[in-house]
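Spelled out, the chains give:
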Amino acid sequence: SIDCRRPPMTAREEVVAFGPAGSLIGIVTHPKDRHPDRPAILLISPSLVHRVGPFRLHVKLARYLADLGFLCLRFDFSGVGESLPRQDELPRNKSDIVETIQAVDFLATAFGTRSVITAGICRGAWVGLAAARQNRRISGLLMVDTETLVLSQQQSAIRADLASRGVFQSMRRPSSWRRLLQGRAEYRSRFAMLTSQLRARLRPEAQRKESEEAAVVLETLCARGARLLFLFSPQHRGYEYLQTVFQNRPLPPGMKIEVVPQEGYNFYTQASQRVLMQEAGRFGGQSQT
């Protein structure tokens, strides 16, 4: 097995440009021995984060996966890092999806890849899911600490309801009221938050509709043969989100949810990153076409 605590020595890295007029810049990490049937892996940054990923996680992950035989691409979204800004007014929620699909198509054109696995943390996972709905070359999705599956991340009734639980729990504690009365808590912001969460709790139909739509999206992807692995750090709210979505229906074949034991949060510690890399390697090997 490969020791992912040490940087691999066999990977070769290449700067590439793709997209409209070569405006998107990325790094391809080449394996020493690439099997033609092995999918490429596309590492998707959380929007405004540079292609190295949080705490250089994407660099480590790409080199580790290349040592396992996977071709990997990590790139900067438009206007981030070395990629040029877009020349249109397409909002980022849509442009990130468009550019991810362009990255998938580039891998097929430049390297002959027949299938691609997307891997992303938080919003990067959400972008990968949205791209997979539009591009059948995406055969697998590694989704890490994703928080919602709806098209607009600001309009999730389930997410608002989950957030409200912490607010209501704190309001039951005497210490919260003491802090409020002693002026150590800003009552206006607390009241505004409580009001918004109350509204969310009064919208059960919106939550039911969102659960149905999210479940159908995942079931449709699995039905076409895509594999989905959701990884969560402990106590991450995204895990509760998926539990809510599938509380009244079984997980579709090809979908798996795991909580990774770790110290710290969001896979930022070296130990948790090693676990994430190992999980990604196993997932990639299982997703060969």
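> Sorry if this is basic, but what is going on with the sheet that holds strand β7 (residues 227–232) here?
Whether parallel or antiparallel, the strands of a sheet pair through hydrogen bonds between backbone atoms. The 8 strands lie next to each other as β1-β2-β4-β3-β5-β6-β7-β8, forming an open sheet whose pairing is mixed. Looking at strand neighbours, the two that pair on one side only are β1 (12–18) and β8 (255–259), the edges of this open sheet. Ignoring strand direction, the axes of neighbouring strands in this sheet form an average angle of 20°. Looking at chain direction, strand β3 (residues 40–44) and strand β4 (residues 72–75) are connected through 3 bridges and run parallel. Looking at the pairing, isoleucine 41 lines up with cysteine 72 of β4. Helix-sheet contacts for helix α9 (residues 270–286) involve β5 (116–121), β6 (138–144), β7 and β8, and the interaxial angle to β7 is about 170°.

> Explain helix α8 (residues 237–245) here, please?
Along an α-helix, a turn takes 3.6 residues, which lines up residues three or four apart on a common side. The complete set of buried residues in α8 reads Gly238, Tyr241, Leu242, Thr244 and Val245. Burial along α8 is one-sided: seen end-on, the buried residues are contained in an arc of 155°.

> Explain helix α7 (residues 204–223) here, please?
Given a rise of 1.5 Å per residue, 20 residues ought to cover 28 Å, and the 28 Å separating the end C-alpha atoms of α7 matches this to within 8%. By the burial criterion, the buried members of α7 are Gln207, Glu210, Ser211, Ala214, Ala215, Val217, Leu218, Leu221 and Cys222. Projected onto a plane normal to the axis of α7, the buried residues spread over an arc of 155° and lie on a single side. Within two residues after α7, glycine 225 carries a phi angle of roughly 105°, on the positive side.

> Please clarify how the packing of α7 against α8 should be interpreted in this entry.
The axes of two packed helices give the description: the angle between them and the distance between them. Taken N-terminus to C-terminus, the directions of α7 and α8 make an angle of 95°; their axes are 9 Å apart at the nearest point. When the axes of α7 and α8 are compared, the pair comes out roughly perpendicular. For the pair formed by α7 and α8, the contact residues are Glu210, Ser211, Ala214, Ala215 and Leu218 on the first element and Tyr241, Leu242, Thr244 and Val245 on the second. In the contact of α7 with α8, the residues fall into 6 nonpolar, 2 polar and 1 charged.

> Any chance you could explain unusual backbone geometry here in plain terms?
Peptide bonds are, in most cases, trans, and in most cases residues other than glycine have a negative phi. Non-glycine residue arginine 56 carries a positive phi angle of around 60°. Summarising the element assignment, arginine 56 is placed in the loop between β3 and α1 (57–67). Within the chain, aspartate 145 stands out as a residue other than glycine whose phi angle is a positive 50°. With respect to the helices, strands and loops of the structure, aspartate 145 is situated in the loop between β6 and α4 (157–171).

> Which parts of the structure should I look at to understand the nonpolar core?
One recurring pattern in soluble globular proteins: nonpolar side chains tend to sit buried together. Of all hydrophobic cores here, the largest spans 47 residues; its most connected members are Leu73, Leu149, Leu218, Leu228 and Phe230. For this core, the leading source of residues is helix α3 (residues 123–132), giving 7 residues. Not counting residues within four places of it along the chain, the set of residues in contact with leucine 149 comprises Trp126, Leu129, Met143, Ala214, Leu218, Phe230, Tyr241 and Leu242. Counting 22 residues, the second largest nonpolar core, distinct from the first, contains Leu43, Val144, Leu229 and Leu231.

What counts, and at which threshold
Residues numbered from 1 in each chain as written. Predicted model: local features only at pLDDT ≥ 70, side-chain atom pairs only at ≥ 80, totals over all residues. Heavy atoms only, no water. Pairing = 2+ DSSP bridges. Helix = DSSP H or I, 4+ residues; strand = E, 2+ residues; numbered from the N terminus. Axes fitted to C-alpha atoms, helices over the stretch in contact; angles between N-to-C directions. Contact = heavy atoms within 4.5 Å. Buried < 20%, exposed > 50% of the residue type's maximum accessible area, 1.4 Å probe, protein only. Arc of directions from axis to C-beta. Expected span 1.5 Å × (residues − 1). Parallel < 35°, antiparallel > 145°, perpendicular 65-115°, else oblique. Nonpolar A, V, L, I, M, F, W, Y, C, P; charged D, E, K, R; others polar. Core = buried A, V, L, I, M, F, W, Y, C linked by side-chain atoms within 4.5 Å.

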